[in-house]
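# Coordinate analysis (summary)
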Amino acid sequence: MRGQALVVAFVMLATSPVASAREARPDWLRRIESGDVALEAHTDSSGRGGQVRAMIDIAAPPQVVWAAILDCERAARMTPSVKRCTVLSRDPSGRTELREHVVKWSFLLPALHSTSRLTLEPYRRIGFRCEAGDIKDCEGQWLLEPLGGGRATRVTYENRATAPFGLPNGVTTMAMRRDVPAALRALRRESVAAAR
């Protein structure tokens, strides 16, 4: 199951508007201000999918974090299950992209292809929705909020995804709980290195 949440993390628009980081619960603020990742994940009513919301502070400007999230070359470094990331098309205004990801969750499972449409609001929001491929049911968003006069960024990630094949109840959520924090820590590592 390793990688489903990571695909989700780097491929895919939230089902409802995300609260601003300023509206985060006090326990979340304590966690992220201490350098940890705040996370909540729930199984959906069908039992085949899950929803996740996570938050992290990164000591890099929003522009740097934005570039790291969208950089296909970095996708495999931040998410080992991602084997290929390809931008299939980009509109002339730079506000939408169509991307394909190929992921391999484990040696026991086949590689999966997912095509998603990204909606881009530069340096503030990246929305995504699965449109084709093996993973058809996902949507989520990344929100970037500048901190410290733009020297740092509070990143909120949300996603709702359904597994592409039958899995035991809660497996998707379990993968999200494990993989999304790892992906956010990798995003922080890549962003901080790029900001130096």
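Residues numbered from 1 in each chain as written. Predicted model: local features only at pLDDT ≥ 70, side-chain atom pairs only at ≥ 80, totals over all residues. Heavy atoms only, no water.

### Focus on the pattern of salt bridges
Inspection of the entire model under this criterion finds 21 salt bridges. The closest approach of N and O atoms between E33 and R154, which form a salt bridge, is 3.8 Å. Of this pair, E33 sits in helix α2 (residues 26-33) while R154 sits in strand β8 (residues 152-162), placing them 121 residues apart in sequence. Residue classification places R154 among the buried residues on the basis of a relative accessible area of 8%. With a closest N to O distance of 2.9 Å, R129 and E139 form a salt bridge. With R129 in strand β6 (residues 125-133) and E139 in strand β7 (residues 138-147), this residue pair connects regions lying 10 residues apart in the sequence. By relative accessible area, E139 is classed as buried at 11%. Each of D71, R74, R77, R189 and E190 takes part in a single network of salt bridges with overlapping partners. (Salt bridge = Lys/Arg side-chain N within 4 Å of Asp/Glu carboxyl O. Helix = DSSP H or I, 4+ residues; strand = E, 2+ residues; numbered from the N terminus. Buried < 20%, exposed > 50% of the residue type's maximum accessible area, 1.4 Å probe, protein only.)

### What to know about the side chain of D179
Looking at the secondary structure, you find D179 in helix α5 (residues 171-195). Overall, D179 belongs to the buried group, its relative accessible area being 0%. A distance of 2.7 Å separates polar atoms of two side chains, one belonging to D179 and the other to R178. (Polar contact = N/O pair within 3.5 Å; in protein donor to acceptor, adjacent residues only side chain to side chain.)

### Regarding the confidence of the model for the protein
Overall, the predicted model of the protein reaches an average pLDDT of 83, with 82% of residues at or above 70. Taking the mean pLDDT of every element in the protein, the minimum, 39, falls on helix α1 (residues 4-11) and the maximum, 97, on helix α3 (residues 62-70). Under a pLDDT of 50 for its full length, residues 1-22 has, in the predicted model, 97 contacts with residues more than four places off or in other chains. (pLDDT = per-residue confidence, 0-100. Contact = heavy atoms within 4.5 Å.)

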